[in-house]
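Breakdown of the fold
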Amino acid sequence: MPQLHARLLGGLEFCDDNGDELSLAARKARALLAFLIVEQEKWHTRERLADLLWGDRQQAQARHSLTQALGAIRKLGDQLGVVLIETAGNRIRLSSGTVIDDLATFRRAADSHPEVAAEKYKGPLLDGFTPGSQQFEEWAEIERAVLHKQACQVFESAAETKQAASDLAGAIELTQHLISLDPLRETAHRRLMKLLVANGDRTAAIRQYS
């Protein structure tokens, strides 16, 4: 069955099975689809979705805009030959098994395969994407904070795995990435200095200390 491929980490992009980018012109339709992917398997009322992206409009106008956005998403699914949206009365959710996304892959791998998860993490959730809705931005900021904490744990665990396998270069790279995510994490700075010394680069370790 064809599937939609979504990149949510470090930006927002939709592609088909061949990797060709798919167009969904309306920014809020893109935001709605991204939200449904992040919140997949959850049901959402039409009122919740309308308020999320069109909360500054009158109720009737917001519901009309939601209907248009859902229509655009359905048309995108038609291009792929897949039904993206599932409805049950007043409730809506992403159809199961229709989307492959990097966030879900990251989350599945985070605990058991941190190195795989680290490779999937390309940046904050929906980085640089702003649909112009305060409610959506508030939701996204909460999700980004949760994801940032999880990403830091992933890079720390992945670095420990590399170090245990005597892959010092890999452990150094992962720890440097961890520090870029959390510059105030003292344990990461100490780990990096020890790794640099163990790798024979005392000069870099001294620079890191200073």
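Presented here is a report on the structure given in the accompanying data block. Everything numeric here is computed off the predicted structure, so don't read it as measured data.

This part is about the side chain of Arg-144. As for its position among the elements, Arg-144 is in helix α6 (residues 134-164). Ignoring anything within four residues of it in the chain, the contact list for Arg-144 reads Pro-124, Leu-125, Leu-126, Phe-129 and Glu-137.

Attention now moves to the sheet that holds strand β4 (residues 85-88). If you walk across this open sheet you meet the 3 strands as β3-β5-β4, and the pairing is antiparallel. Strands with a single pairing partner mark the edges of an open sheet, and in this sheet they are β3 (44-45) and β4. Sheet analysis places β3 next to strand β5 (residues 91-94), joined by 2 bridges and oriented antiparallel. Considered in β5, the bridge of Thr-45 is made with Arg-91.

For β4 and β5, the ladder comprises 4 bridges, and the chain directions are antiparallel. Looking at β5, one finds that Thr-87 is bridged to Ile-92. Counting the residues that bridge the hairpin from β4 to β5 gives 2 residues, and of these Gly-89 lies at a positive phi of roughly 65°.

A word on the sheet that holds strand β2 (residues 13-15). The strand order across the open sheet formed by 3 strands is β2-β1-β6, and the pairing between neighbours is mixed. The outermost strands of the open sheet, each flanked by one partner alone, are β2 and β6 (99-101). Taken pair by pair, the neighbouring strands of this sheet meet at an average axis angle of 25°, ignoring direction. Sheet contacts for helix α1 (residues 27-38): β1 (4-7), β2 and β6; angle to β2, the most-contacted strand, approximately 80°. Lying over the sheet, helix α4 (residues 102-110) contacts β1 and β6, oriented at roughly 65° with respect to β6.

This part takes up the nonpolar core. One recurring pattern in soluble globular proteins: nonpolar side chains tend to sit buried together. Counting 65 residues, the largest nonpolar core has Leu-4, Leu-8, Phe-14, Leu-32, Leu-33, Leu-126 and Phe-136 as the members making the most contacts within it. With 10 residues, the single largest contributor to this core is α6. For Leu-126, the residues in contact, after removing those within four places along its chain, are Leu-8, Gly-11, Leu-12, Ala-34, Phe-136, Trp-139 and Arg-144.

Calculation rules
- Residues numbered from 1 in each chain as written.
- Predicted model: local features only at pLDDT ≥ 70, side-chain atom pairs only at ≥ 80, totals over all residues.
- Heavy atoms only, no water.
- Helix = DSSP H or I, 4+ residues; strand = E, 2+ residues; numbered from the N terminus.
- Contact = heavy atoms within 4.5 Å.
- Pairing = 2+ DSSP bridges.
- Axes fitted to C-alpha atoms, helices over the stretch in contact; angles between N-to-C directions.
- Core = buried A, V, L, I, M, F, W, Y, C linked by side-chain atoms within 4.5 Å.
- Buried < 20%, exposed > 50% of the residue type's maximum accessible area, 1.4 Å probe, protein only.

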